[in-house]
Amino acid sequence: MVQSTWDDWFVRDEIEATDPGDGVVVWYLGCNGFVLRSQSTTLYIDPYFGTGDPPNLIRMIPVPMDPADATECDATLVTHEHIDHMHPPSYGPLVEDLDADLYAPSASYDSPDYDGEMRVPDGQRNEIAVGDEFVVGDFTIHVTGTNDPDAIEPVGYVIEHDAGTFFHAGDSRPAEGFTGVGERFDIDVGALAFGTVGSIYEPEPDSGVRTKWYMDENEIIEAANQLQLSRLLPAHHDMWQGEAGDPKVLHEHAVSFDYPRVIEPLYIGCSVRLGEPGIRRLDALD
């Protein structure tokens, strides 16, 4: 069961009350989750509203919403099988109650970290692979390869709209294939996983273990240049005790490179518009 720290105002008065006009608004859900909303279509990417698994994984940020409070979702996209990306309590209500399709690599269905019911009716279960292309509403989505050594079958998503192009790399590190993605697509906004090397508690050997899951400062700028990102959204750095990073330092690492043109460190709940640089505060607070 998901317990929202923010009750239902964020999804009700912010996400679903916003009029995107002829553009696309992108909200950061914390961890590596995002919501994309156009005038006609709503996409969730890697939503995770769980609390972690203390003391191994300790969630450091609020749970911004209960997915059972959402009334609009056309599809949920999953990048890989890890529990903070493929989490049935988080995507389940979107699929079961709103008839949204779930798109995920086969390993996310066959070998998920989650031990329980997957909550995906056959008619809404879509297995995708690198090279696939599909359409959801007014979004065209391309499935790309990534480089996540900790995942079985990781993918990324290039999401095209008339207003601009968004890329979500999951938990990838820099990847040779990113160069081709950057040359093929004119990516306006890209979300890349950023963090630090930390000590994560493991029951065996009952102590902290040196852990590196995400890109460090130099790697994330390398990946941004491979992808030729106009705007970089660092993600995942806020989530786990021991793996946090400070995205404000990335300006110093990026200053001598061509990309990204802009770095936009989002707090949970903040948003951006495709084609319009700048972080948007919560409209619900105005």
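Residues numbered from 1 in each chain as written. Predicted model: local features only at pLDDT ≥ 70, side-chain atom pairs only at ≥ 80, totals over all residues. Heavy atoms only, no water.

A few words now on the overall build of the chain. Per the secondary structure count, the chain includes six helices and 19 strands. For 286 residues, the compact-globule estimate of 2.2 N^0.38 gives 19 Å, and the C-alpha radius of gyration of the chain, at 17 Å, lies within 12% of that figure. When the backbone C-alpha atoms are referred to their principal axes, the chain occupies close to 45 × 40 × 40 Å. Residues classed as buried in the chain amount to 56% of the 286 residues present. For the chain, the share of sequence-separated contacts (at least 6 apart) that also reach a separation of at least 24 residues comes to 64%. When the accessible surface of the chain is summed, it comes to about 11600 Å², and 45% of that surface belongs to carbon and sulfur atoms. Positive and negative side-chain charges in the chain, numbering 15 and 54 respectively, have mean positions lying 6 Å apart. (Helix = DSSP H or I, 4+ residues; strand = E, 2+ residues; numbered from the N terminus. Rg over C-alpha atoms; globule rule 2.2 N^0.38 Å. Buried < 20%, exposed > 50% of the residue type's maximum accessible area, 1.4 Å probe, protein only. Contact = heavy atoms within 4.5 Å. Areas by Shrake-Rupley, 256 points an atom, 1.4 Å probe, with all protein chains shown as cover. Lys, Arg positive; Asp, Glu negative; His and termini not counted. Charge placed at Lys NZ, Arg CZ, Asp CG, Glu CD.)

A cis amide bond, omega 20 degrees, links E204 with the succeeding residue P205. By the element assignment, P205 lies in the loop between strand 14 (198-202) and strand 15 (207-211). A cis geometry characterises the amide bond from Y259 onward to P260, with omega recorded as -5 degrees. Residue placement: P260 occurs in the loop between helix 6 (250-254) and strand 17 (262-263).

Taken as a whole and judged by the stated rule, the model has nine aromatic pairs. Ring geometry for F167 versus F178: centroids 5.8 Å apart, planes at 85 degrees, classification edge-to-face. Of the two residues, F167 sits in strand 12 (residues 164-168) while F178 sits in helix 4 (residues 176-184), which places them eleven residues apart along the sequence. Across the pair, F178 and F167 agree in class, each one buried. Clustering of aromatic rings is evident, with ring pairs tying together W6, W9 and F10. The ring of Y109 carries the charged tip of R125 above its face, separated from the ring centre by 4.1 Å. (Phe/Tyr/Trp six-rings, centres within 6.5 Å; stacked < 30°, edge-to-face > 60°. Lys NZ or Arg CZ within 6 Å of the ring centre and 35° of its normal.)

This part is about the sheet that holds strand 12. Pairing is mixed across the open sheet formed by seven strands, whose spatial order is 9-10-11-12-13-16-17. Because the sheet does not close on itself, it has two edges, and the strands there are strand 9 (133-136) and strand 17. Taken together, the three bridges between strand 12 and strand 13 (residues 189-193) define a ladder with parallel strand orientation. Its bridge partner lying in strand 13, F166 is registered against V189. Against the sheet, helix 5 (residues 217-227) makes contact with strand 12, strand 13 and strand 16 (231-235), and its axis sits at roughly 150 degrees relative to strand 13, the strand it touches most. (Pairing = 2+ DSSP bridges. Axes fitted to C-alpha atoms, helices over the stretch in contact; angles between N-to-C directions.)

Taken together, the side chains of D22, D74, D138, D162 and E276 make up a negatively charged region of the molecular surface. Within the secondary structure, D22 is located in the loop between helix 1 (9-15) and strand 1 (25-30). Taking relative accessible area as the criterion, D22 reaches 72% and is therefore assigned exposed. (Patch = residues over 30% accessible without salt bridge, like charges linked within 9 Å, V, L, I, M, F, W, Y side chains within 5 Å. Salt bridge = Lys/Arg side-chain N within 4 Å of Asp/Glu carboxyl O.)

We now examine the UniProt feature "domain: Metallo-beta-lactamase" (unreviewed entry) in the chain. Within this structure's numbering, the places UniProt gives as "domain: Metallo-beta-lactamase" (unreviewed entry) are residues 42-237. Counted over residues 42-237, helix gives 17% and strand 32%. Its end C-alpha atoms are 25 Å apart. (UniProt positions renumbered as here; feature names shortened; annotations may be inferred.)

With mixed pairing, the eight strands of this open sheet are ordered in space as 8-7-6-3-2-1-18-19. Of all the strands in the sheet, just strand 8 (125-128) and strand 19 (276-280) have a single pairing partner and so form its edges. Direction aside, the axes of adjacent strands within the sheet are offset by 20 degrees on average. Sheet analysis places strand 1 next to strand 18 (residues 271-273), joined by three bridges and oriented antiparallel. What sits directly across from V26, in strand 18, is V272.

A few words on the side chain of D46. For D46, the position within the fold is in the loop between strand 3 (42-45) and strand 4 (52-53). Buried and unpaired, D46 has R59 as its nearest opposite-charge partner, separated by 13 Å. Of note is the side chain of D46, whose polar atom sits 2.6 Å from the side chain of H85. Leave out the neighbours within four places in its chain, and D46 touches N32, G33, L77, V78, T79, D84, H85, H168 and G170. (Polar contact = N/O pair within 3.5 Å; in protein donor to acceptor, adjacent residues only side chain to side chain.)

Turning our attention to the environment of S271. With respect to the helices, strands and loops of the structure, S271 is situated in strand 18. Classification of S271 by relative accessible area gives buried; the value is 0%. Between the C-alpha atoms of S271 and D186, which are 85 residues apart in sequence, the distance is 20 Å. Of note is the side chain of S271, whose polar atom sits 2.7 Å from the side chain of R280.

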